[in-house]
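This is what each chain is made of:
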Amino acid sequence: MGLVRRNTLLRWLVLVICGLWLTLALPGVAQPQTLVMGTEADYVPFAYHQSADGEPDKIVGFDIDVARSIADSLGVTLQIKEMPFDELLPALKSGNLDFAIAAITPSDERQIHHDFSEPYFEVRHALISPRLKPLRTVSDLRGHRMVVQQGSVQESEALGHLSEGFGIGIELFAVPTMTDMVSAVKTGYADVALVEELVAQAYIEDEPDLVMDVLGELETTPVAIAFPKDSDLVDEFNQALVDMRNSGELDLLVQQWLTVDPLDDSYQFSLCPETDR
(Lines give C-alpha, C1' and ligand atoms only; values in the text may rest on other atoms or scores of the structure.)
Protein backbone atom coordinates (compact mmCIF):
# COMPACT_ATOMS: atom_id res chain seq x y z
CA MET A 1 0.00 0.00 0.00
CA GLY A 2 1.45 3.40 -0.94
CA LEU A 3 2.29 5.97 1.69
CA VAL A 4 -0.28 8.47 0.42
CA ARG A 5 -3.05 5.86 0.31
CA ARG A 6 -2.19 4.63 3.79
CA ASN A 7 -2.22 8.14 5.23
CA THR A 8 -5.58 8.81 3.57
CA LEU A 9 -7.04 5.66 5.10
CA LEU A 10 -5.69 6.57 8.53
CA ARG A 11 -7.16 10.08 8.32
CA TRP A 12 -10.53 8.59 7.32
CA LEU A 13 -10.49 6.19 10.28
CA VAL A 14 -9.58 9.02 12.66
CA LEU A 15 -12.46 11.13 11.37
CA VAL A 16 -14.93 8.26 11.76
CA ILE A 17 -13.77 7.52 15.31
CA CYS A 18 -13.84 11.17 16.31
CA GLY A 19 -17.28 11.64 14.84
CA LEU A 20 -18.60 8.64 16.73
CA TRP A 21 -17.03 9.85 19.96
CA LEU A 22 -18.52 13.31 19.57
CA THR A 23 -21.95 11.88 18.89
CA LEU A 24 -21.82 9.75 22.02
CA ALA A 25 -20.08 12.23 24.30
CA LEU A 26 -21.37 15.69 23.48
CA PRO A 27 -24.17 16.86 25.76
CA GLY A 28 -27.41 17.71 24.06
CA VAL A 29 -26.99 15.18 21.27
CA ALA A 30 -30.06 12.95 21.52
CA GLN A 31 -29.55 9.24 21.16
CA PRO A 32 -32.27 6.88 19.95
CA GLN A 33 -33.65 5.13 23.03
CA THR A 34 -34.53 1.46 23.05
CA LEU A 35 -37.35 0.28 25.28
CA VAL A 36 -37.59 -3.38 26.26
CA MET A 37 -41.19 -4.56 25.88
CA GLY A 38 -42.53 -7.82 27.25
CA THR A 39 -45.46 -9.72 25.79
CA GLU A 40 -46.97 -13.19 25.50
CA ALA A 41 -47.19 -14.17 21.84
CA ASP A 42 -49.74 -16.98 22.10
CA TYR A 43 -52.79 -14.78 22.50
CA VAL A 44 -54.55 -14.16 19.19
CA PRO A 45 -55.50 -11.45 18.22
CA PHE A 46 -53.55 -9.39 20.75
CA ALA A 47 -50.08 -10.86 20.14
CA TYR A 48 -49.06 -13.96 18.21
CA HIS A 49 -46.51 -15.38 15.79
CA GLN A 50 -47.07 -15.02 12.06
CA SER A 51 -44.92 -16.26 9.21
CA ALA A 52 -45.27 -16.04 5.45
CA ASP A 53 -43.50 -17.84 2.63
CA GLY A 54 -39.98 -16.54 2.36
CA GLU A 55 -40.35 -14.21 5.33
CA PRO A 56 -39.05 -14.67 8.88
CA ASP A 57 -41.44 -15.35 11.72
CA LYS A 58 -42.61 -12.20 13.50
CA ILE A 59 -44.88 -11.23 16.37
CA VAL A 60 -48.00 -9.34 15.28
CA GLY A 61 -51.34 -8.34 16.77
CA PHE A 62 -53.42 -5.53 18.21
CA ASP A 63 -51.20 -5.01 21.25
CA ILE A 64 -48.07 -5.05 19.09
CA ASP A 65 -49.42 -2.34 16.78
CA VAL A 66 -50.50 -0.22 19.75
CA ALA A 67 -47.01 -0.49 21.23
CA ARG A 68 -45.30 0.30 17.90
CA SER A 69 -47.48 3.35 17.38
CA ILE A 70 -46.61 4.65 20.85
CA ALA A 71 -42.92 3.99 20.25
CA ASP A 72 -43.05 5.89 16.95
CA SER A 73 -44.72 8.87 18.60
CA LEU A 74 -42.06 8.91 21.34
CA GLY A 75 -39.18 8.48 18.88
CA VAL A 76 -37.91 5.27 20.46
CA THR A 77 -37.27 1.75 19.19
CA LEU A 78 -38.65 -1.46 20.65
CA GLN A 79 -36.90 -4.63 21.72
CA ILE A 80 -39.59 -7.29 22.14
CA LYS A 81 -39.10 -10.03 24.73
CA GLU A 82 -41.54 -12.91 24.60
CA MET A 83 -42.32 -14.78 27.81
CA PRO A 84 -45.17 -16.63 29.54
CA PHE A 85 -47.92 -14.33 30.75
CA ASP A 86 -47.37 -15.07 34.43
CA GLU A 87 -43.70 -14.00 34.12
CA LEU A 88 -44.39 -10.53 32.71
CA LEU A 89 -45.15 -8.68 35.94
CA PRO A 90 -42.24 -10.27 37.85
CA ALA A 91 -39.94 -9.24 34.97
CA LEU A 92 -41.15 -5.65 35.33
CA LYS A 93 -40.58 -5.71 39.07
CA SER A 94 -37.04 -7.04 38.65
CA GLY A 95 -36.19 -4.36 36.10
CA ASN A 96 -35.83 -6.67 33.09
CA LEU A 97 -38.58 -4.91 31.15
CA ASP A 98 -39.46 -1.26 30.59
CA PHE A 99 -43.12 -2.11 30.01
CA ALA A 100 -45.42 -5.02 29.22
CA ILE A 101 -48.42 -5.17 26.92
CA ALA A 102 -50.47 -8.36 26.84
CA ALA A 103 -54.15 -7.56 27.46
CA ILE A 104 -53.28 -6.92 31.11
CA THR A 105 -55.91 -5.57 33.50
CA PRO A 106 -54.80 -3.15 36.25
CA SER A 107 -56.17 -4.75 39.40
CA ASP A 108 -55.79 -3.31 42.89
CA GLU A 109 -53.37 -6.09 43.75
CA ARG A 110 -51.21 -5.46 40.70
CA GLN A 111 -51.12 -1.72 41.31
CA ILE A 112 -49.34 -2.30 44.61
CA HIS A 113 -46.13 -3.23 42.80
CA HIS A 114 -46.68 -1.85 39.29
CA ASP A 115 -47.88 1.25 37.47
CA PHE A 116 -50.34 1.16 34.59
CA SER A 117 -51.36 3.31 31.67
CA GLU A 118 -54.94 4.36 31.23
CA PRO A 119 -57.03 1.55 29.69
CA TYR A 120 -57.05 1.32 25.90
CA PHE A 121 -59.71 -1.38 25.43
CA GLU A 122 -62.30 -3.46 27.28
CA VAL A 123 -62.86 -7.20 27.02
CA ARG A 124 -65.68 -9.62 27.86
CA HIS A 125 -65.32 -13.14 29.23
CA ALA A 126 -66.40 -16.23 27.32
CA LEU A 127 -66.65 -20.00 27.64
CA ILE A 128 -65.20 -22.54 25.23
CA SER A 129 -66.80 -25.97 25.46
CA PRO A 130 -67.47 -29.04 23.28
CA ARG A 131 -70.21 -28.55 20.70
CA LEU A 132 -71.90 -31.78 21.79
CA LYS A 133 -71.78 -30.83 25.49
CA PRO A 134 -72.00 -27.04 25.55
CA LEU A 135 -71.74 -25.06 28.78
CA ARG A 136 -73.24 -21.63 28.16
CA THR A 137 -74.07 -19.95 31.48
CA VAL A 138 -72.81 -19.72 35.04
CA SER A 139 -75.39 -22.25 36.23
CA ASP A 140 -74.16 -24.74 33.60
CA LEU A 141 -70.70 -24.74 35.18
CA ARG A 142 -71.65 -26.35 38.47
CA GLY A 143 -69.65 -29.49 39.12
CA HIS A 144 -67.57 -29.22 35.96
CA ARG A 145 -63.81 -29.09 35.40
CA MET A 146 -62.63 -25.67 34.16
CA VAL A 147 -59.27 -24.71 32.67
CA VAL A 148 -57.85 -21.17 32.80
CA GLN A 149 -54.54 -19.53 32.00
CA GLN A 150 -52.01 -19.15 34.77
CA GLY A 151 -52.00 -15.66 36.27
CA SER A 152 -54.94 -14.49 34.16
CA VAL A 153 -58.06 -12.56 35.05
CA GLN A 154 -60.03 -15.71 34.34
CA GLU A 155 -58.18 -17.53 37.11
CA SER A 156 -59.15 -14.88 39.66
CA GLU A 157 -62.69 -14.62 38.26
CA ALA A 158 -63.17 -18.38 38.57
CA LEU A 159 -61.82 -18.44 42.10
CA GLY A 160 -63.67 -15.32 43.18
CA HIS A 161 -66.82 -14.36 41.30
CA LEU A 162 -67.83 -17.82 40.10
CA SER A 163 -66.92 -19.90 43.14
CA GLU A 164 -67.70 -17.38 45.85
CA GLY A 165 -69.95 -14.73 44.31
CA PHE A 166 -72.21 -17.14 42.46
CA GLY A 167 -71.61 -20.12 44.72
CA ILE A 168 -70.73 -22.33 41.77
CA GLY A 169 -68.73 -25.42 42.70
CA ILE A 170 -66.15 -25.98 39.97
CA GLU A 171 -62.91 -27.91 39.72
CA LEU A 172 -60.30 -25.46 38.50
CA PHE A 173 -56.83 -25.92 37.06
CA ALA A 174 -54.46 -23.60 35.20
CA VAL A 175 -52.13 -24.09 32.23
CA PRO A 176 -49.43 -21.80 30.76
CA THR A 177 -50.90 -20.92 27.34
CA MET A 178 -54.10 -20.48 25.41
CA THR A 179 -53.09 -23.33 23.11
CA ASP A 180 -52.89 -25.60 26.16
CA MET A 181 -56.37 -24.51 27.21
CA VAL A 182 -57.94 -25.36 23.86
CA SER A 183 -56.15 -28.69 23.84
CA ALA A 184 -57.48 -29.52 27.32
CA VAL A 185 -61.08 -28.97 26.18
CA LYS A 186 -60.60 -30.84 22.90
CA THR A 187 -59.16 -33.90 24.64
CA GLY A 188 -61.77 -33.92 27.39
CA TYR A 189 -59.28 -33.16 30.15
CA ALA A 190 -61.38 -30.07 30.85
CA ASP A 191 -65.11 -29.57 30.36
CA VAL A 192 -64.81 -25.87 29.67
CA ALA A 193 -62.30 -23.02 29.31
CA LEU A 194 -62.80 -19.48 30.57
CA VAL A 195 -61.09 -16.87 28.39
CA GLU A 196 -61.50 -13.43 26.86
CA GLU A 197 -64.17 -13.29 24.16
CA LEU A 198 -62.00 -12.09 21.27
CA VAL A 199 -59.31 -14.64 22.03
CA ALA A 200 -61.92 -17.42 22.21
CA GLN A 201 -63.29 -16.37 18.82
CA ALA A 202 -59.86 -16.54 17.24
CA TYR A 203 -58.94 -19.93 18.64
CA ILE A 204 -62.14 -21.78 17.75
CA GLU A 205 -62.31 -20.58 14.13
CA ASP A 206 -60.69 -23.82 12.99
CA GLU A 207 -62.19 -25.99 15.72
CA PRO A 208 -65.60 -27.21 14.48
CA ASP A 209 -66.08 -29.40 17.56
CA LEU A 210 -65.90 -26.42 19.94
CA VAL A 211 -68.31 -23.57 20.61
CA MET A 212 -67.97 -20.20 22.32
CA ASP A 213 -70.51 -18.37 24.48
CA VAL A 214 -70.09 -14.95 26.08
CA LEU A 215 -70.48 -15.20 29.84
CA GLY A 216 -72.75 -12.25 30.41
CA GLU A 217 -72.85 -12.68 34.18
CA LEU A 218 -69.27 -11.39 34.47
CA GLU A 219 -68.49 -7.71 33.98
CA THR A 220 -66.26 -6.43 31.19
CA THR A 221 -62.68 -5.66 32.18
CA PRO A 222 -60.27 -2.98 30.92
CA VAL A 223 -56.79 -3.70 29.63
CA ALA A 224 -53.78 -1.41 30.08
CA ILE A 225 -50.01 -1.27 29.67
CA ALA A 226 -47.97 -2.29 32.72
CA PHE A 227 -44.77 -0.63 33.99
CA PRO A 228 -42.37 -0.96 36.92
CA LYS A 229 -43.48 1.04 39.93
CA ASP A 230 -42.77 4.78 39.63
CA SER A 231 -41.86 4.51 35.96
CA ASP A 232 -41.18 7.79 34.13
CA LEU A 233 -42.84 6.38 31.02
CA VAL A 234 -46.43 6.33 32.26
CA ASP A 235 -47.35 9.94 31.47
CA GLU A 236 -45.76 9.80 28.01
CA PHE A 237 -47.60 6.58 27.17
CA ASN A 238 -50.88 7.99 28.43
CA GLN A 239 -50.51 11.06 26.23
CA ALA A 240 -49.67 8.85 23.25
CA LEU A 241 -52.82 6.80 23.88
CA VAL A 242 -54.92 9.97 24.07
CA ASP A 243 -53.42 11.13 20.79
CA MET A 244 -54.15 7.76 19.17
CA ARG A 245 -57.75 7.91 20.33
CA ASN A 246 -58.27 11.53 19.26
CA SER A 247 -56.76 10.93 15.83
CA GLY A 248 -58.88 7.83 15.24
CA GLU A 249 -55.84 5.56 14.99
CA LEU A 250 -56.88 3.46 17.97
CA ASP A 251 -60.32 2.87 16.47
CA LEU A 252 -58.73 1.83 13.18
CA LEU A 253 -56.51 -0.71 14.96
CA VAL A 254 -59.53 -2.08 16.80
CA GLN A 255 -61.39 -2.51 13.52
CA GLN A 256 -58.34 -4.10 11.90
CA TRP A 257 -57.53 -6.62 14.61
CA LEU A 258 -60.55 -7.12 16.82
CA THR A 259 -63.56 -6.83 14.49
CA VAL A 260 -65.73 -5.34 17.23
CA ASP A 261 -66.78 -1.83 18.12
CA PRO A 262 -64.12 0.11 20.06
CA LEU A 263 -64.75 1.69 23.42
CA ASP A 264 -67.64 4.09 22.92
CA ASP A 265 -67.26 7.83 23.47
CA SER A 266 -68.90 7.61 26.88
CA TYR A 267 -66.02 5.49 28.17
CA GLN A 268 -63.72 7.69 30.21
CA PHE A 269 -60.14 6.48 30.58
CA SER A 270 -60.33 5.28 34.17
CA LEU A 271 -59.00 2.24 35.95
CA CYS A 272 -61.35 -0.56 36.96
CA PRO A 273 -59.56 -2.00 40.00
CA GLU A 274 -61.83 -4.93 40.63
CA THR A 275 -60.61 -7.30 37.91
CA ASP A 276 -57.32 -8.56 36.48
CA ARG A 277 -55.86 -10.57 33.65
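Residues numbered from 1 in each chain as written. Predicted model: local features only at pLDDT ≥ 70, side-chain atom pairs only at ≥ 80, totals over all residues. Heavy atoms only, no water.

1. Concerning the sheet that holds strand S12 (residues 192–196)
Spatial strand order, S11-S10-S12-S9-S13: five strands in an open sheet with mixed pairing. One side of each edge strand has no neighbouring strand; the edge strands of this open sheet are strand S11 (171–175) and strand S13 (210–214). For this sheet the average axis-to-axis angle between neighbouring strands, irrespective of direction, equals 30 degrees. Pairing of strand S10 (residues 145–149) with S11, which is carried by five bridges, proceeds in the parallel orientation. Bridge pairing in S11 links Met-146 to Leu-172. (Pairing = 2+ DSSP bridges. Helix = DSSP H or I, 4+ residues; strand = E, 2+ residues; numbered from the N terminus. Axes fitted to C-alpha atoms, helices over the stretch in contact; angles between N-to-C directions.)

2. Observations concerning the confidence of the model for the protein chain
Of the residues in the protein chain, 77% reach a pLDDT of 70 or more, and the chain-wide mean stands at 82. The least confident element of the protein chain, judged by mean pLDDT, is helix H1 (residues 3–25) at 50; the most confident is strand S7 (residues 114–116) at 97. Here residues 21–29 is modelled with pLDDT under 50, and outside its nearest four sequence neighbours on either side it reaches four contacts, counting other chains as well. Segment residues 260–276 is flagged for pLDDT under 50; beyond a separation of four residues in sequence, or across chains, it makes 50 contacts in the model. (pLDDT = per-residue confidence, 0-100. Contact = heavy atoms within 4.5 Å.)

3. Let's talk about the pairing of strand S6 (residues 99–104)
With six of its six residues buried, S6 lies for the most part within the structure. By the bridge criterion, two bridges tie strand S1 (residues 33–39) to S6 in an arrangement that is parallel. By the bridge assignment, Gly-38 is partnered in S6 with Ala-100. Here two bridges tie S6 to strand S14 (residues 221–228), and the two strands are oriented antiparallel to one another. By the bridge assignment for S14, Ile-104 is matched with Ala-224. (Buried < 20%, exposed > 50% of the residue type's maximum accessible area, 1.4 Å probe, protein only.)

4. Re the sheet that holds strand S3 (residues 47–50)
In spatial order, the strands read S2-S3-S4; together these three strands make up an open sheet with antiparallel pairing. Either end of the sheet is taken by a strand with one partner, and the two such strands are strand S2 (42–43) and strand S4 (58–60). Where S3 lies against S4, three bridges are found, and the strand directions are antiparallel. Bridge pairing in S4 links Tyr-48 to Val-60.

5. Brief notes about the packing of helix H8 (residues 234–247) against helix H9 (residues 249–257)
Two numbers describe how H8 lies on H9: the axes approach to 4 Å, and their chain directions differ by 75 degrees. Between H8 and H9, the crossing angle belongs to the class labelled roughly perpendicular. Across the interface between the two elements, Met-244, Arg-245 and Ser-247 of H8 pack against Glu-249, Leu-250, Asp-251 and Leu-253 of H9. In the contact of H8 with H9, the residues fall into three nonpolar, one polar and three charged. (Parallel < 35°, antiparallel > 145°, perpendicular 65-115°, else oblique. Nonpolar A, V, L, I, M, F, W, Y, C, P; charged D, E, K, R; others polar.)

6. Looking at helix H7 (residues 197–204)
Judged by how many residues are buried, H7 sits mostly within the fold: six of eight residues are covered. Taken together, the buried positions of H7 are occupied by Glu-197, Leu-198, Val-199, Ala-200, Tyr-203 and Ile-204.

7. Some words on the pattern of salt bridges
Applying the stated criterion across every chain yields a total of five salt bridges. Asp-213 is paired through a salt bridge with Arg-136; the nearest N and O atoms lie 2.8 Å apart. Of this pair, Asp-213 sits in strand S13 while Arg-136 sits in the loop between strand S9 (125–130) and S10, placing them 77 residues apart in sequence. Two residues, Arg-145 and Glu-171, come together in a salt bridge whose shortest N-O distance is 2.3 Å. Here Arg-145, found in strand S10, pairs with Glu-171, found in strand S11; they are 26 residues apart in sequence, far enough to count as distant. When its relative accessible area of 18% is taken as the criterion, Arg-145 is described as buried. Of the residues examined, Glu-171 reaches a relative accessible area of 45% and is grouped as partly exposed. (Salt bridge = Lys/Arg side-chain N within 4 Å of Asp/Glu carboxyl O.)

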